[in-house]
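# Structural overview
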Amino acid sequence: MRDLCLHAMNEAERQKVEYADIRIINSREQKLITENERVYEVKDNFDQGFGVRVLLNGAWGFASSPIITKDEISRVVKIAVAIAKASAKIKNKSVSIVKNPAITDSFKTIVKIDPFSIPIKDKFDFMFEINKKMLKVNKIKKVYSIANYENVDKYFANIFGSRIQSNITTSMFEYVACAVDEHTSRERSHGIYPQTIGYEAVLESDLLEKCEKVASEAVMKLSAHKGIEGVKDLVLDPTHLALTIHESVGHATELDRALGMEESLSGRTFATVDKLNKLIYGSPIINFVADLTLENGLATNGYDDDGTKGKRWHIVKDGIFSGYSTSIDTAAEIGMSESNGRCNADSWFSIPIVRIPNLSLMPGKDNLSLDDLISGVDDGIYIEGMGSFSIDQMRENFQFGGDVFWEIKNGKIGRMLDNVTYQAITKDFWNSCDAIAGEKYWVKSGVANCGKGDPMQTAKMTHGASPARFRNIKIGGGNV
Amino acid sequence: MKSVKKKAAKKVVKKIAKKVVKKTITKPVKAATKKVTVTNKKAATKKTIATKKIAIKKVATKKVATKKAVETYNKEKLQKLLSSAIKLSRADHIEIYCSIEDREATRFSDNAISQNLAQKDIKIRISSHKGNRVGKVELNSFDSKMLENAIRQSEEIVNILPDDPEYVPPLKKSEEKKYLKSLMSIKDMNNHLSFEEIAKKIKEGIDPCKKVGAKFAGSYKHSRYQEAFMNSNGLFAHGYYSAIDWTNIVVMPGGESGYAHSLASNVLDLDFKKTSKEALTKAIAAQNAVDIAPGKYTVILSPEAIDEIILYAFWGGFEAKKCDDGLSYLRGKLGEKVFDSSLTVTSDPTNKFVPSMTFDDQGSAYKKRAWIKNGVIENLCYSRYWALKNNREATLNPTNLIVEGNDKVTIDDLISETENGILITRLWYIRFVDPMIPSITGMTRDGTFLIKDGKIVSAIKNMRFNDSIVRILSSIEKIAKRIPAGEFLRNYIPAMKIRDFNFTSGTTF
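Residues numbered from 1 in each chain as written. Chains lettered and ligands numbered in written order. Predicted model: local features only at pLDDT ≥ 70, side-chain atom pairs only at ≥ 80, totals over all residues. Heavy atoms only, no water.

### Points about the overall build of chain A
Across its full length, chain A carries 10 helices and 24 strands. What you see for chain A is a C-alpha radius of gyration of 24 Å, in line with the 23 Å of a compact globule of 480 residues. The dimensions of chain A, computed from C-alpha atoms along their principal axes, are 70 × 55 × 40 Å. Counting the 480 residues in chain A, one finds 68% classified as buried. Counting only contacts in chain A whose residues sit at least 6 apart along the sequence, the fraction spanning at least 24 positions is 75%. Within the structure as shown, chain A displays about 16,300 Å² of accessible surface, and the carbon and sulfur contribution to it stands at 49%. The averaged location of the 64 negative side-chain charges in chain A is 3 Å from the averaged location of its 59 positive side-chain charges. (Helix = DSSP H or I, 4+ residues; strand = E, 2+ residues; numbered from the N terminus. Rg over C-alpha atoms; globule rule 2.2 N^0.38 Å. Buried < 20%, exposed > 50% of the residue type's maximum accessible area, 1.4 Å probe, protein only. Contact = heavy atoms within 4.5 Å. Areas by Shrake-Rupley, 256 points an atom, 1.4 Å probe, with all protein chains shown as cover. Lys, Arg positive; Asp, Glu negative; His and termini not counted. Charge placed at Lys NZ, Arg CZ, Asp CG, Glu CD.)

### Points about the sheet that holds strand β11 (residues 320-321) of chain A
All names here are of chain A. Read across the open sheet, the 4 strands follow the order β11-β10-β9-β14; overall the sheet is antiparallel. Of all the strands in the sheet, just β11 and β14 (359-361) have a single pairing partner and so form its edges. Where strand β10 (residues 312-317) and β11 come together, 2 bridges link them in antiparallel fashion. Across the sheet, residue K317 finds its bridge partner in β11, namely I320. Docked against the sheet, helix α6 (residues 238-250) engages β9 (288-291), β10 and β14, running at close to 115° with respect to β14. (Pairing = 2+ DSSP bridges. Axes fitted to C-alpha atoms, helices over the stretch in contact; angles between N-to-C directions.)

### Observations regarding the confidence of the model for chain B
In this model, chain B carries a mean pLDDT of 87, and residues with pLDDT of at least 70 account for 86%. The complex prediction reports pTM at 0.92, with the ipTM value standing at 0.96. (pLDDT = per-residue confidence, 0-100.)

### A closer look at the pairing of strand β12 (residues 420-424) of chain B
All names here are of chain B. Of all the 5 residues making up β12, 4 are buried; the element is thus mostly covered by neighbouring parts of the structure. Looking at chain direction, strand β7 (residues 295-301) and β12 are connected through 3 bridges and run parallel. Paired with L301 across the bridge in β12 is I424. Of the pairings in the sheet, the one linking β12 to strand β15 (residues 448-452) comprises 5 bridges and is antiparallel in character. Its bridge partner lying in β15, G421 is registered against I451.

### Section: the environment of Y167 of chain B
Residues and elements named next belong to chain B. With respect to the helices and strands, Y167 occurs in the loop between α5 (144-160) and α6 (186-190). When neighbours within four sequence positions are excluded, Y167 is seen to be in contact with H93, H129, G131, N132, R133, V134 and Y385. Only 2.8 Å separates the side chain of Y167 from the side chain of H129, close enough to count as a polar contact. (Polar contact = N/O pair within 3.5 Å; in protein donor to acceptor, adjacent residues only side chain to side chain.)

### Things to note about the side chain of K232 of chain A
Residues and elements named next belong to chain A. Within the element layout of this structure, K232 appears in strand β8 (residues 230-236). A residue is classified by how much of its surface remains accessible, and K232, at 11% relative accessible area, is buried. In this structure the side chain of K232 is engaged in a polar contact, spanning 3.1 Å, whose partner is the side chain of D379. Residues within four places of K232 in sequence aside, it is in contact with D379, G380, I381, R471, N472, I473 and I475.

### Re the pattern of salt bridges
Considering all chains together, one arrives at 67 salt bridges over all chains under this definition. We note a salt bridge from D379 of chain A to K232 of chain A, for which the minimum N-O separation is 3.1 Å. Of this pair, D379 of chain A sits in strand β15 (residues 379-384) while K232 of chain A sits in strand β8; the two residues are 147 residues apart in sequence, bridging distant segments of the chain. Across the salt bridge formed by K215 of chain B and D110 of chain B, the nearest N and O atoms sit 3.5 Å from each other. In this pair, K215 of chain B is assigned in strand β4 (residues 215-231) and D110 of chain B in the loop between β1 (93-109) and β2 (112-130), connecting sequence segments 105 residues apart. Residue classification places K215 of chain B among the partly exposed positions, given a relative accessible area of 43%. Where salt bridges share partners, they join E35, R38 and K142 of chain A together with D164, E166, K321 and D325 of chain B into one cluster. (Salt bridge = Lys/Arg side-chain N within 4 Å of Asp/Glu carboxyl O.)

### Brief notes about helix α3 (residues 120-135) of chain A
Since there are 3.6 residues in each turn of an α-helix, residues three or four apart along the chain are aligned in direction. Between the first and last C-alpha of α3 of chain A there are 22 Å, a value that for 16 residues agrees with the 22 Å anticipated at 1.5 Å per step. Regarding α3 of chain A, the residues found buried are I120, K123, F124, F126, M127, F128, I130, N131 and M134 of chain A. (Expected span 1.5 Å × (residues − 1).)

### Examining the side chain of D340 of chain B
All names here are of chain B. Position of D340 among the secondary structure elements: in the loop between α10 (320-324) and β8 (345-347). One buried charge, D340, has no salt-bridge partner; the nearest side chain with opposite charge is R499, at 5.2 Å. If we ignore the near neighbours within four places in the chain, the residues touching D340 are N374, G375, L473, S474 and I476.

### Structural notes on the nonpolar core
Core analysis: the biggest nonpolar cluster contains 64 residues, and I22 of chain A together with I202, Y220 and V250 of chain B have the highest contact counts within it. No other element matches the 9 residues that helix α2 (residues 70-88) of chain A contributes to this core. If we ignore the near neighbours within four places in the chain, the residues touching V250 of chain B are C209, A214, K215, F216, E256, S257, G258, S276, A279, L280 and A283 of chain B. The next biggest cluster of nonpolar side chains, apart from the first, holds 57 residues, and it includes L301, C381, F432 and I493 of chain B. (Core = buried A, V, L, I, M, F, W, Y, C linked by side-chain atoms within 4.5 Å.)

### Topic: the interface of chain A and chain B
If you look at the interface, chain A gives 95 residues, while chain B gives 94 residues. Interface of chain A and chain B: buried area, both sides summed, is about 7,900 Å²; carbon and sulfur atoms make up 54% of it. It is I90, F349 and D454 of chain A that lose the most area in chain A upon contact with chain B, and together they represent 9% of the buried surface on that side. Our count for the chain A to chain B interface comes out at 10 salt bridges. Of the charged contacts, one joins R38 of chain A and E166 of chain B as a salt bridge, the two residues approaching to 3.1 Å between their closest N and O atoms. At the boundary of chain A with chain B, the tally comes to 42 residue pairs in polar contact (both at pLDDT 80 or more). Examining the composition of the side of chain A that touches chain B, we find that 10 residues originate from one element, strand β2 (residues 38-56) of chain A, more than from any other. Looking at side-chain class alone, the side of chain A that touches chain B contains 40 nonpolar, 28 polar and 27 charged residues. Judged from the 2 bridges that link them, strand β3 (residues 59-65) of chain A and β2 of chain B form a sheet pairing that is parallel. (Buried area = accessible area lost by both parts, 1.4 Å probe. Nonpolar A, V, L, I, M, F, W, Y, C, P; charged D, E, K, R; others polar.)

Below you can see the structure in the form of structure tokens.
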């Protein structure tokens, strides 16, 4: 790999490029799904290829190929150079980049048990055990267990002399119980949040222990109280907050969006560059921290695809908007001396773009418990898990559902509610947060299929949080 | 994070979706008259097309080597490769599906190219059958050793699987007789622009925007696929698929935006300037937007907006097995009237405006189908297994959605006949709220307009809606003529006038 990378960089230098990098990737993904007591899907996917990016005449060019040979690399470098030359014909100004120091390093996910070393039969046996337990619950008509194991081996080299090898292993396991009665159907899900970790995450999980409770809650949802609306307080569980953080903070603080580069698809953001270090994003107790060194984080890859070492920084500090997710070119565009380091591609096939990092709501400082939060609510709802989600292209007006909803009356959890939605404007929502539970209640969740870019790319990232309380939120817009 | 149930629902279109880039398209609004006109792709003059042909021919000599992948693997070579691979099988049966992709993708914003790519990939899926079990392995190389390893791996997997009660054996060679003649050919693959030519097209879009202080953004994508399938029963299928998207957004100095999108299979059929002009005209009209109160309004939904709603109607419930399991809003509704009598939806792989592949990844032939006829659920999507079990024909999934329209009615007619209403040119970020109703939420985007006494009188700020798909498609007042539109599938869709569309909140822009 090292020789091939050097060959690519030599070829690029011969073309007198201002910058070039190559990523050579070999990956394997195993996807297993069981539906009730049958194998719904079993697929082993082996994938390889390389992508070359060049900066020439102040413009980018990128080309990729699945054929990893010196001749093909030479051909693809020439294509990338030709594309950069074409790009340079339509530019306002030359692209500049912040220069990372030349690094030789490697990074590997700490894995106790390689998921690919576990026989597929054993994996399926575990999945069937879960499915059978859930199917014993009356009115459960359909259950699915979904497991996904991935290993990505990547060699990165750039023209400045960086040579970085990484080996990232990801494990994911989720199950869904579908309850059916004569009127409708409802589902409830649970899983280990996707992590960069080995099969030990499955073995050490509560998956088996919780599956009957999850199935029972799916059945409870069939007769949950419907039609809740009005203005109420919310207490949001970390498994739910992950998606709210993702959509209303993560995407809103991507620097490429702020610079208009996502205009044609994902849109822009209200968090524009002129508002950095000024905008009151949330109440003073709100701290959002991006952390690309987070243990088992989905975006903990050692380095990003610009070759920037993973770091930790504030996106919102004490309620004030204070940082972006960046790449080497977007960081240079706003005068940063270095990138925060979250520019990634979803494969060798794709060009790196700015992505949401591991991004977490930090715990409150008052050591409050979940019960403390709930006891302070007269009329509200406690929401667990992810559900419906929608947000405008400026990341302001959002509406979220959830997986399970519990009524709070006079400080106590009461009956289950059906399919609640809440709607708010991002800044108003985070400013309405008056309490966050303490560190003891802080847990990680995540998003394994974040879509962005054109052509569309997916990305994975972790979002941690403690339960948090929000005052006077509009409920029930989704009731029709 | 989507549940498998939602994934299963989305499977209706997923096979084709991966070939088609996410897009919706919007229509022009003339600033002077503030009336909306409809694009007629067929209206391009012969002169225009002839001029384009010359342009393409001229740039053909400059084409980069991305074209090679298509040329390298022709039908005969793929047949030979798949045939050799099948001989390596030790299983009872083997199926091999492959897809070879080439793509140019250029993205621009702020009047400059921001991203410019040439991508190439190969996908090979091996399915080894033993007894009533199937083991699958995917790889992206025709390297003979890797291919053999993958076949062995699929055989190892099949050996450890339990029996599948829903197993179906590979199709017989006679399936070939059912294949429709594809409208896409090697010509659609070979007519592609060089990156210099793409840059030129973008510049032609930028220049008029600069004159009014606006910014031109968007993308040009041309994805070309060559697909082949072979199984150990001797069934062989081969075809081409070409999808071009030209997406434009114009942003005015105040941030108001206008959007337009054209799609085609052959680059000669794409009118670049017309699309960029549509986006600019609409952006100009979108200025000085006013607030409206949430509530129920008569709306005119552009073909692009209707396309999204129709797609969600299918995602939410047309899978026959889901219906029979009670997991779809269409459970027990086959043969019943669910939507307005004016709604008829079919699919046709040989529709000349939105042609699609004519076989799937198991070698099954796609046919012309009626899904909704005069509001009645005419057909559900029966997989091969579920069809066998229920003694029905396997209807598979739609490869495109063709909604019956009225060629005599334009979107302008819909506006002029509306006393009080709203014109929605694009919907954004639609998601299910309750798929069993099915209710959805989403936003308007890039040009929403107030109609009074048959005329557009103002732009309005963007709104969030929450509504039921069944209610929307049961409240059709009038249907206009159709255009090609599509986010996931390439569909042929009309604009519609709908009663009581439910807006629940607004925005500041």
